[in-house]
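Next come the chains, spelled out residue by residue.
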Amino acid sequence: HAPCAIALYASIVRKDDRSRWIAPAMTPDHVSELYELRWLLEPVALEKAASRLPADLLPSLRARLERAIDQAAGLTGPDLDHLEEDLHVTLLGHCGNGPLMQAISLPQALLVAHRFLYRWMPRLFGAEPFLPEHMQTMERLEPGHAAEAADALRQHLRVSRDRAIDRIERVTREVHPEDLPYLDKLG
């Protein structure tokens with residue numbers, strides 16, 4: 001997991017040409033680029049993982065997702081984060097291709113941003129629209145229809161992009177944390 005963690009943090013914080021550490025802004029263009037990578041890479045990993053999943057994993061994740069859908073109004077930011085991790089990290093992690101998972105970790109920097117966004121704006125959409133989208137992927141994966149599950153995942157990621165951009169823009173407008181004395185804003 002260490003190479004994936006390094007790649008993930010490298011996508012969040014990196015050095016510029018003058019050797020200063022910078023955190024790139026989550027602009028709509030940057031978020032769109034990251035989501036495009038996700039919808040290209042994650043379905044491939046899901047198809048590879050489908051035949052390698054432990055027998056009890058998918059039923060367990062589906063049961064957790066069903067409970068979440070039934071209790072959608074009471075879900076917290078950490079609950080949503082855990083559900084995102086179930087599909088986008090736990091399931092994909094069974095693909096058996098380390099370099100693919102390392103490549104996926106770059107655009108999954110968005111999952112770190114989602115943790116922050118769910119904490120600050122957990123009820124932006126009322127019941128989270130990703131819950132039924134995740135269920136569609138799971139429903140196709142369970143009977144062994146890996147290609148259909150990959151298509152459902154790809155579609156989920158495409159529609160998620162606009163929601164992510166909307167959340168980021170709203171948080172940028174509405175949440176104003178105090179400046180940190182050891183960080184400088186550029187440009």
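Residues numbered from 1 in each chain as written. Predicted model: local features only at pLDDT ≥ 70, side-chain atom pairs only at ≥ 80, totals over all residues. Heavy atoms only, no water.

Chemist: I'm lost on the overall build of the protein chain in this one. Help?
Modeler: A count of helices and strands for the protein chain gives eight helices and two strands. Shown N-terminal to C-terminal, the secondary structure of the protein chain runs as helices and strands in the order α-β-β-α-α-α-α-α-α-α. A separation of at least 24 residues holds for 79% of the contacts in the protein chain among residues at least 6 apart in sequence. As displayed, the protein chain has an accessible area near 10600 Å², and 55% of this comes from carbon and sulfur atoms. (Helix = DSSP H or I, 4+ residues; strand = E, 2+ residues; numbered from the N terminus. Contact = heavy atoms within 4.5 Å. Areas by Shrake-Rupley, 256 points an atom, 1.4 Å probe, with all protein chains shown as cover.)

Chemist: Help me understand the pattern of salt bridges, please; the structure alone is not making it clear to me.
Modeler: When the charged atoms of two side chains with opposite charge come close together, those side chains can pair. Considering all chains together, one arrives at nine salt bridges under this definition. In this structure, the salt-bridge partner of glutamate 42 is arginine 38, at a minimum N-O distance of 2.6 Å. Of the two residues, glutamate 42 and arginine 38 both sit in helix α2 (residues 28-50), four residues apart, roughly one turn of that helix. For glutamate 42, a relative accessible area of 0% translates into the label buried. Across the pair arginine 62 and glutamate 142 runs a salt bridge, and its minimum N-O distance is 2.4 Å. Remark: glutamate 142 occurs in the loop between α7 (130-141) and α8 (146-174) and arginine 62 occurs in helix α3 (residues 57-70); sequence separation between them is 80 residues. The class of glutamate 142 is partly exposed, set by a relative accessible area of 35%. (Salt bridge = Lys/Arg side-chain N within 4 Å of Asp/Glu carboxyl O. Buried < 20%, exposed > 50% of the residue type's maximum accessible area, 1.4 Å probe, protein only.)

Chemist: Could you clarify how one ought to interpret the side chain of histidine 156 in this entry?
Modeler: The topology assignment puts histidine 156 in helix α8. Residue class for histidine 156 comes out buried when judged on its relative accessible area of 3%.

Chemist: Sorry if this is basic, but what is going on with the nonpolar core here?
Modeler: Most often, soluble globular proteins have nonpolar side chains that are buried together. With 34 residues, the main nonpolar core has Ala45, Leu53, Leu83, Leu91, Leu131 and Leu141 as its most contacted residues. Secondary-structure elements contributing two or more residues to this core are α2, α3, α4 (77-91), α5 (98-105), α7 and α8. Those residues within four positions of leucine 91 in sequence are excluded, and the remaining contacts are Ala49, Leu53, Leu57, Leu58, Leu61, Asp86, Met138 and Leu141. (Core = buried A, V, L, I, M, F, W, Y, C linked by side-chain atoms within 4.5 Å.)

Chemist: Which parts of the structure should I look at to understand the environment of serine 160?
Modeler: Turning to its location among the elements, serine 160 is positioned in helix α8. Remark: the alpha-carbon pair of serine 160 and tyrosine 35, spanning 125 residues in sequence, is separated by 8.3 Å. With near-sequence residues (within four places) excluded, serine 160 lies in contact with Tyr35 and Glu133. Engagement of the side chain of serine 160 in a polar contact is seen with the backbone oxygen of histidine 156, the distance being 2.7 Å. Within the structure, serine 160 has its side chain in polar contact with the side chain of arginine 163 (distance 3.1 Å). (Polar contact = N/O pair within 3.5 Å; in protein donor to acceptor, adjacent residues only side chain to side chain.)

Chemist: Which parts of the structure should I look at to understand the environment of leucine 153?
Modeler: Its location among the elements puts leucine 153 in helix α8. Taking the C-alpha atoms as reference points, leucine 153 and histidine 88, 65 residues apart in sequence, are found 9.3 Å from one another. Not counting residues up to four positions away in its chain, the partners in contact with leucine 153 are Glu42, Pro43, Leu46, Leu87, His88, Leu92 and Thr137.

Chemist: Would you mind going over the packing of α2 against α5 with me for this structure?
Modeler: Relative placement of two packed helices is described by the angle separating their axes and the distance separating the axes. The contact between α2 and α5 brings their axes to 10 Å, and the two run at 145°. Handedness of the crossing formed by α2 with α5: left-handed. Contacts between α2 and α5 involve Leu41, Glu42, Val44, Ala45 and Lys48 on the former and, on the latter, Leu100, Met101, Ala103 and Ile104. Taken together, the residues of the contact of α2 with α5 break down into seven nonpolar, no polar and two charged. (Axes fitted to C-alpha atoms, helices over the stretch in contact; angles between N-to-C directions. Left-handed = near helix turned anticlockwise from the far one by under 90°. Nonpolar A, V, L, I, M, F, W, Y, C, P; charged D, E, K, R; others polar.)

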